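Tertiary structure, described
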Amino acid sequence: MTTTALKNPSEAERQLAELFSRHTPEAAQKAAFEAFARTGLPHRRMEQWKWTDVRQAVSELAPVKAEADTSIELPSNAVKLSFDGSGWTIPDELPAGINIFLKSGGHDFAQADALPVGALAASMTGYSSKDMLMIEVSAKVDRPLVLAYQGGGDAAFSRVVFVVRENCHVDIFEHYSGGAGFSSFLTEFGLAEGASVKRTLLQEASQQEVTAITTTAHLDTKAVFTQSALSFGGKLCRIETHLEHKGEGAEATLNGAYLAASGYHTDFTTHVTHGAESCVTSQLTKGAVADGGRGVFQGKFLVPRTVGQFTDAEMQHQALLLENGAEIFAKPELEIYADDVECEHGNTSGQLDEDALFYMQQRGIPKPEARALLTEAFIAEALEEAHDDVRAQLVDATRRFLRNQRGG
Amino acid sequence: MLKLDNLTADVGEGDGRKTILNGLSLEVPAGEVHAIMGPNGAGKSTLSYVLTGREGYEATSGTATLNGEDLLEMEPDERAAAGIFLSFQYPVEIPGVPVMTFVRAAINAQRKTRGEEEISAPDFIKKAREIGQKLNIDAEMLKRPVNVGFSGGEKKRLEIFQMMMMEPRFAILDETDSGLDIDALKTVADGVNALRSEDRGMLVITHYQRLLDHIQPDRVHVLAKGRIVKSGGPELALQLEKEGYDGILGEVA
Ligand SMILES: Nc1ncnc2c1ncn2[C@@H]1O[C@H](COP(=O)(O)OP(=O)(O)OP(=O)(O)O)[C@@H](O)[C@H]1O
Ligand SMILES: [Mg+2]
């Protein structure tokens, strides 16, 4: 029995096993749960989770009330799919080039062992009333696809698979606005030759919620994947992206911005494998953390010998400690075995420039406003690649957050 | 208008702490432009920071008032709203904040503090365009982040641009002439002269007669060792140019 595979389960793990046993999983889901059960909820003694201890944060599955979220005005031509924690609402009319399939069990989740929380999501599809969502993109789709996630009570799990065909394109905006005590959302992208995806993501949750947003992406020859994420965290939030360049000349942009208020924890973890020649990765992560808040950045570029030749990759993480008592943990890693590559990384955390603050004050701007303006400009740089329809609204959300901070 | 009486200020931390302004008294009546000259390290920039309220440059005794209002009691942004403007000797970069956004935010913040209406967007843009043209600042530059990647001379011109946009009651220009080419010096001086008016005062800190050829000061003061050691008419600057500080300071010592 799968439930017995969990060793010394915590109360939350026992509840998860109970949830799993209540539905009738197919082979892929069983395999995914077994993979999850090998580690259980990730905890601080696991190297990849040392700063983000899910087991401790999720003591039991308990419902939360959804808090008011940022309302994002969507363009009128947006195609909106909503997930309420148990099922999907899909519009009847879909644009040409978008096909949506609901699959009961789904395929094996190949990276289950590296991504235990993602595996958990893969095992639970079907726990809710509907199943794994597969979205096939077979044209250059000019209407943005919106995936809105909200609700779920004690727990919410989803699995979405994007299959983007040769030379096709889609813009995606994902809005995670909380409403479940524990949630894990898994999204898998497969980009065929010359395909491109522009993905923009906004995550918000209350201080009671633990959420994991796990993404895998495989890029074939000359595929382009552009991701911009803005995260406000939660009791614990992990946004983890594993991307693999599988065909020559693929390009990835993985940008992220995080803002952590007191009592909030947010974690951006990325893993990029340059499994083909001449691929490009550009990654910029920016964060601002208040007293009592916590920001985590873990980035890794893996460039194997031979296949990784002519890699061009840059990783930057820059964070601002808005007040004393803010915590930032960062681990940028480059693991390079190929010899003809251009790889750079930078990692800084510090405070706002006092000289700049004084200059702004001298021109009449009160200090709290000067701080907010400087911080906003700092964060906005990581959102420059976000979709045009929402970028300004993401910056507005950043501004509102900063105006609400005390400031030192 | 600006009245400084027996102003004393320390700078530096701990053991490095020293008295830089040492009983400085000075009065600039409304409508007048005064020049301050003095050797390197005399305390000229320190004076500008004490007047604008920079952290670490607090006055330890004496008074500083603008139209009778106590400046030393106010926050830097309140002093700006009261009408004090400083053209920095070394203008600071504000990454990610475009000039137009910054100047508009500053003007509106000052107006808010004074209880006035915000400037309308069209009025603001019109004014920026006019002043930009006068100062040979192209529209492209005004879209860039404040001072980021600007040349030395461009930074100085941008200081004057901001001064003209904000129309302060009292302007302090700290070596705005240094780093300017000959044409830019003339442009900047024209800007300064355009702002001269009966209800506005200015304090121009400079090392060179060149600027004073364009901006005729009403009075010239020599600042040395933290106080004003000599004051005179425009001819004092010419005398300094000829004799150097040694000559003048020897005379007063
Ligand atoms: N923050 C500080 N900490 C320590 N010493 C300082 C500080 N600021 C200024 N000083 C010192 O105070 C003295 C006066 O400096 P100030 O910049 O006011 O001179 P200045 O007259 O403007 O000179 P210059 O003509 O070179 O611009 C100098 O000796 C300087 O080193
Ligand atoms: Mg100076």
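Only a predicted model underlies this, so the values are computations on that prediction, with no experimental measurement involved.

**Quick look at the site of ligand 1**
All names here are of chain B. In the vicinity of ligand 1, 16 residues are found, and the nearest of them are Gly41, Lys44, Ser45, Thr46 and Tyr57. Note that an oxygen atom of ligand 1 is positioned 2.8 Å from one of the backbone N or O atoms of serine 45. Histidine 207 has a polar side-chain atom sitting 2.9 Å from an oxygen atom of ligand 1. In isolation ligand 1 exposes 640 Å². Once the protein is present, 67% of that is buried. Elements that contribute at least two residues to the shell around ligand 1 include exactly strand S2 (18–28) and helix H1 (44–52). Take the shell around ligand 1: its biggest share by element is three residues, from H1. Grouping the constituent residues of the shell around ligand 1 by class yields five nonpolar, eight polar and three charged.

**Side note on the coordination of the magnesium ion (ligand 2)**
Geometrically, a metal with four donors at the corners of a regular tetrahedron has ideal angles of 109.5 degrees, and one with six donors at the corners of a regular octahedron has ideal angles of 90 or 180 degrees. All names here are of chain B. Taken together, Ser45 (OG) and Gln89 (OE1) make up the protein donors of the magnesium ion (ligand 2), found 2.0 to 2.1 Å from the metal. Within this pair, whereas serine 45 is found in helix H1, its partner glutamine 89 is found in the loop between strand S6 (84–87) and helix H3 (99–113), the two being separated by 44 residues in sequence. In terms of burial, serine 45 and glutamine 89 fall into one category: buried.

**Regarding the environment of Asp218(B)**
All names here are of chain B. Mapped onto the secondary structure, aspartate 218 falls in the loop between helix H8 (209–214) and strand S9 (219–224). The spacing of aspartate 218 and valine 33 is 185 residues in sequence and 5.5 Å in space, taken between C-alpha atoms. In contact with aspartate 218, not counting residues within four places along its chain, are Gly31, Glu32, Val33, His34, Arg196, Gly233 and Pro234.

**Re the sheet that holds S2(B)**
Residue and element names in this part refer to chain B. One open sheet accounts for four strands, arranged S2-S1-S4-S5; its pairing is antiparallel. The sheet is open, and its two edges are formed by S2 and strand S5 (69–70), each paired on a single side. As paired strands, strand S1 (residues 2–11) and S2 are joined by eight bridges and run antiparallel to one another. Paired with leucine 2 across the two strands is valine 28, which belongs to S2. Most of the contacts of H1 go to S1, to which it runs at about 105°, and overall it touches S1, S2 and strand S4 (59–66).

**Re a negative patch on the surface**
Residue and element names in this part refer to chain A. A surface patch of like charges, here negative, comprises Asp312, Glu314, Asp339, Asp340, Glu342 and Glu344. When residues of the negative patch are traced back to their parent elements, those giving at least two are strand S17 (312–321) and strand S19 (342–350). Relative to the helices and strands, aspartate 312 resides in strand S17. Given a relative accessible area of 36%, aspartate 312 falls into the partly exposed group.

**Some details on the pairing of strand S10 (residues 227–232) of chain B**
Residues and elements named next belong to chain B. Pairing of S9 with S10 involves five bridges; the strand directions are antiparallel. Bridged to alanine 224 within S10 is arginine 227. In this structure, the hairpin formed by S9 and S10 is closed by a connection of two residues, where lysine 225 is found at a positive phi of approximately 50°.

**Brief notes about the layout of surface pockets**
As a volume, the largest pocket reaches approximately 570 Å³. Leu374(A), Ala377(A), Phe378(A), Pro95(B) and Gly96(B) are, among the 29 residues lining the largest pocket, the residues nearest its centre. Contributing elements (two or more residues each) for the lining of the largest pocket: S17, S19, helix H6 (367–380) and helix H7 (388–403) of chain A. In terms of residues, the lining of the largest pocket owes the most to one element, H6(A), which gives six residues.

**Considerations on the packing of aromatic side chains**
Tallied over the full model, the rule gives 21 aromatic pairs over all chains. On the numbers, 6.3 Å between centres and 40° between planes, the contact of Tyr258(A) with Phe268(A) is tilted. One end of the pair, Tyr258(A), is in strand S13 (residues 251–260); the other, Phe268(A), is in strand S14 (residues 265–274), and 10 residues separate them in sequence. In this structure, Tyr258(A) and Phe268(A) share a single accessibility class: buried. Ring geometry for Tyr359(A) and Phe102(B): centres 6.0 Å apart, planes at 15°, overall stacked. One end of the pair, Tyr359(A), is in helix H5 (residues 354–362); the other, Phe102(B), is in helix H3, on a second chain. With relative accessibility at 0%, the residue Tyr359(A) sits in the buried group. Relative accessible area serves as the criterion here: at 0%, Phe102(B) is assigned to the buried category. Each member of the aromatic cluster is reached from another via a ring pair, and the members are Phe358(A), Tyr359(A), Tyr49(B), Tyr57(B), Phe88(B) and Phe102(B). The ring of Trp51(A) has Lys50(A) lying over it, and the distance from NZ or CZ to the ring centre is 4.7 Å. Note that Arg54(B) overlies the ring of Tyr49(B), its terminal NZ or CZ placed 4.6 Å from the centroid.

**Here we look at the interface of chain B and chain A**
Taken together, the contacts link 31 residues of chain B with 17 residues of chain A. The contact between chain B and chain A buries some 1900 Å² in all, and 66% of this surface belongs to carbon and sulfur atoms. Counting across the interface, chain B meets chain A through three salt bridges. Two residues, Asp355(A) and Arg54(B), come together in a salt bridge whose shortest N-O distance is 2.6 Å.

**Concerning the sheet that holds strand S16 (residues 294–303) of chain A**
Residues and elements named next belong to chain A. The strand order across the open sheet formed by nine strands is S3-S4-S6-S8-S10-S12-S14-S16-S18, and the pairing between neighbours is mixed. Edge positions in the open sheet fall to strand S3 (98–103) and strand S18 (327–336), since each of these has one partner strand only. With direction set aside, neighbouring strand axes in the sheet form an average angle of 10°. Two strands pair when backbone bridges link them, and strand S6 (residues 153–164) and strand S8 (residues 180–191) are joined in this way by 11 bridges, in the parallel orientation. Across the sheet, the residue bridging to arginine 159 is leucine 186, located in S8. Relative to the sheet, helix H4 (residues 116–124) contacts S6, S8 and strand S10 (210–219), its axis offset from that of S8 by approximately 90°.

Each value, and the rule that gives it
- Residues numbered from 1 in each chain as written.
- Chains lettered and ligands numbered in written order.
- Predicted model: local features only at pLDDT ≥ 70, side-chain atom pairs only at ≥ 80, totals over all residues.
- Heavy atoms only, no water.
- Near = heavy atom within 4 Å.
- Polar contact = N/O pair within 3.5 Å; in protein donor to acceptor, adjacent residues only side chain to side chain.
- Areas by Shrake-Rupley, 256 points an atom, 1.4 Å probe, with all protein chains shown as cover.
- Helix = DSSP H or I, 4+ residues; strand = E, 2+ residues; numbered from the N terminus.
- Nonpolar A, V, L, I, M, F, W, Y, C, P; charged D, E, K, R; others polar.
- Donors = N, O, S within 2.8 Å, 3.2 Å for Na, K, Ca; no water.
- Buried < 20%, exposed > 50% of the residue type's maximum accessible area, 1.4 Å probe, protein only.
- Contact = heavy atoms within 4.5 Å.
- Pairing = 2+ DSSP bridges.
- Axes fitted to C-alpha atoms, helices over the stretch in contact; angles between N-to-C directions.
- Patch = residues over 30% accessible without salt bridge, like charges linked within 9 Å, V, L, I, M, F, W, Y side chains within 5 Å.
- Salt bridge = Lys/Arg side-chain N within 4 Å of Asp/Glu carboxyl O.
- Lys, Arg positive; Asp, Glu negative; His and termini not counted.
- Charge placed at Lys NZ, Arg CZ, Asp CG, Glu CD.
- 1 Å grid on protein atoms, 1.4 Å probe; cavity = no way out; pocket = protein on both sides within 12 Å on 5 of 7 lines; lining within 4 Å.
- Points joined across faces, edges and corners; volume = space filled by probe spheres on them.
- Phe/Tyr/Trp six-rings, centres within 6.5 Å; stacked < 30°, edge-to-face > 60°.
- Lys NZ or Arg CZ within 6 Å of the ring centre and 35° of its normal.
- Buried area = accessible area lost by both parts, 1.4 Å probe.

These figures capture arrangement, not role.
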